[in-house]
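Coordinate analysis (summary)
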Amino acid sequence: AALTAQLSLSLAECPGTGSAQAGRAAACQGCPNQGLCAAGAAGPDPAEAAELRARLRAVRHTVLVLSGKGGVGKSTFSALLAHGLAADETKQVALLDIDICGPSIPKIMGLEGEQVHQSGSGWSPVYVEENLGVMSVGFLLSSPDDAVIWRGPKKNGLIKQFLRDVDWGEVDYLIVDTPPGTSDEHLSIVQYLSATRIDGAVIVTTPQEVSLQDVRKEINFCRKVKLPIIGVVENMSGFVCPKCKNESQIFPPTTGGAEKMCQNLSVSLLGKVPLDPQIGKSCDSGQSFLAEAPESPATLSYRNIIQRIQEYCEQHHLQEEKIM
């Protein structure tokens, strides 16, 4: 019971890795990472930070896509966000997949079997279109069925390599697809990108309480590490039968869904995306659902959400310029 109470206290009162009290607060006692946080080693060292800044200086906006639970459509959303932004041919978009153990972006983007090429300026992203480049550990595997069985430090090293060694070039939007949860990969990407700038995070959920429960943890994580929250997307939000037009709640929002949660936690609800069987078919075939089903209610919802994210990023950029 005492151990449970101590763990509960530590989780509740963790000052966060970016805090001046990191590794020194009472809640840090007994944490296996206490020494790293106290020494300031939880983030990139100055030389490493300078290297990351140099590589990413031409990236205008960075958006992380998070979810507390797997299977809520996070990678699908990341891919469609990238497609939607790249529909403007004047914008250069990059999609980085840091889901090391479950890289689904190559499949969704129609890039299965592609390989990463090395040039004098670093790794070259794999391009879907001239203005849409993708990087994923999936491109480094000999087979899509290969399992990546790595401990945290090796995952973190690859994430750093993706940021430091990939020749992203001039990029208007860098979209980062993350694995579920609030673990190594999430801490690493936030810490490495702290050397540059992050516009914020989009958090994807489904309406049922079992998903919202984990999303609340994700929101708490963002606040602990001082990661701005752009807003929440409620995915799989009802299904309208194409024949009878009746709406069914496949995942009933028993506690009010994302809308109620966002009100309670003072977070923006970016929109609700209804279920559409064509979304899964498009992902399996590596095609953009937005292009294949332009009249779908889900496409309309996606486009509204993407527009809101663009508006947030532009406003965030203007605020940063005023501060500077």
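Keep in mind that what you see is a predicted model, and the values were worked out from it rather than measured. The numbering scheme is per chain: residues are counted from 1 as the chain's sequence reads. Selection of residues for local features in this predicted model requires a pLDDT of at least 70, selection of side-chain atom pairs for listing and counting requires 80 or more, and totals for whole chains, interfaces and linings are taken over all residues. No hydrogens and no water enter the side-chain calculation; it runs on all heavy atoms of the structure.

To continue, consider the side chain of S237. Following the sequence through the fold, S237 ends up in the loop between strand 9 (229-234) and strand 10 (239-240). At a separation of 2.7 Å, a polar atom in the side chain of S237 contacts the side chain of E234. Discounting chain neighbours no more than four positions away, the residues touching S237 are P207, E247, K272, V273, P274 and L275. A run of H or I in DSSP counts as a helix once it spans at least four residues, and a run of E counts as a strand once it spans at least two, with each numbered from the N terminus. For this analysis, a polar contact is any N or O atom pair within 3.5 Å, provided that within protein one partner can donate a hydrogen and the other can accept it, and provided that sequence-adjacent residues contribute only side-chain to side-chain pairs. Contacts are assigned to residue pairs that have any heavy atoms within 4.5 Å of one another.

Moving on, we come to the packing of aromatic side chains. Stacked, tilted and edge-to-face are the three classes applied to pairs of Phe, Tyr and Trp rings, where Trp contributes its six-membered ring and a pair requires centres within 6.5 Å; stacked means planes under 30 degrees apart, edge-to-face means over 60, and tilted covers the rest. With the rule as written, the count across this model stands at three aromatic pairs. For the pair W123 and F162, a centre-to-centre distance of 6.0 Å together with 65 degrees between the ring planes defines the contact as edge-to-face. Linking W123 in strand 4 (residues 122-124) with F162 in helix 6 (residues 152-165), this pair joins segments that are 39 residues apart in sequence. For every residue, the accessible area (1.4 Å probe, protein chains only) is compared with the maximum for its type, and the residue is labelled buried under 20%, exposed over 50%, or partly exposed between those bounds. Taking relative accessible area as the criterion, W123 reaches 12% and is therefore assigned buried. With a relative accessible area of 0%, F162 lands in the buried category.

So, on to the nonpolar core. If you look at the biggest cluster of nonpolar residues, it comprises 85 residues, and the most contacted ones within it are L64, F77 and I309. Considering each element in turn, this core owes the most residues, seven residues, to helix 4 (residues 74-86). Excluding anything up to four places from it in sequence, L64 contacts V176, I189, V190, L193, I198, G200, A201, V202 and L227. Here the nonpolar core consists of buried residues drawn from Ala, Val, Leu, Ile, Met, Phe, Trp, Tyr and Cys, with membership extended through side-chain atoms lying within 4.5 Å.

What follows deals with the packing of helix 3 (residues 46-56) against helix 6. Here helix 3 crosses helix 6 at 50 degrees, and the two axes come no closer than 8 Å. The angle between the axes of helix 3 and helix 6 places the two elements in the oblique class. Contacts between helix 3 and helix 6 involve E48, E51, L52, R55 and L56 from the first element and K160, L163, R164 and D165 from the second. In this classification, Asp, Glu, Lys and Arg are treated as charged, Ala, Val, Leu, Ile, Met, Phe, Trp, Tyr, Cys and Pro as nonpolar, and every other residue, Gly included, as polar. Classifying every residue of the contact of helix 3 with helix 6 by side-chain character gives three nonpolar, no polar and six charged. Convention adopted: a line fitted to C-alpha atoms gives each axis, helices being fitted over their contacting stretch, and angles between N-to-C directions are expressed from 0 to 180 degrees. Convention used here: angles under 35 degrees read as roughly parallel, angles over 145 as roughly antiparallel, angles from 65 to 115 as roughly perpendicular, and any remaining angle as oblique.

Now for the packing of helix 6 against helix 7 (residues 184-193). A pair of packed helices is characterised by two quantities: the angle between their axes and the separation of those axes. Axis separation between helix 6 and helix 7 bottoms out at 9 Å; the angle between their running directions is 35 degrees. Note that helix 6 runs across helix 7; the crossing there is right-handed. Residues G152, K155, N156, I159, K160 and L163 of helix 6 form the contact with helix 7, whose own contacting residues are D184, E185, S188, I189, Y192 and L193. A class-by-class count of the residues in the contact of helix 6 with helix 7 yields five nonpolar, three polar and four charged. Working rule for handedness: look at the near helix, and if it is turned counterclockwise from the far one by less than a right angle, call the crossing left-handed; if clockwise, right-handed.

The next subject is the confidence of the model for the protein. Per-residue confidence from the prediction method is given by pLDDT, with values spanning 0 to 100. Taken residue by residue, the protein gives an average pLDDT of 88. The fraction at 70 or more is 88%. Counted against residues more than four places away or in other chains, residues 1-11, with its pLDDT under 50, gives four contacts.

What follows covers helix 10 (residues 277-285). Of the positions making up helix 10, those classed as buried are I279, S282 and C283. Buried residues of helix 10 fall within an arc of 100 degrees about the axis and therefore sit on the same side. Away from its buried face, by an angle of more than 90 degrees, helix 10 presents the exposed residues P277, K281 and D284. Residue D276 occupies the N-cap position of helix 10, its side-chain oxygen lying 2.9 Å from the main-chain nitrogen of Q278. Positive backbone phi, at 75 degrees, marks G286, one or two positions downstream of helix 10. To obtain the arc, one takes the directions from the helix axis to the C-beta atoms.

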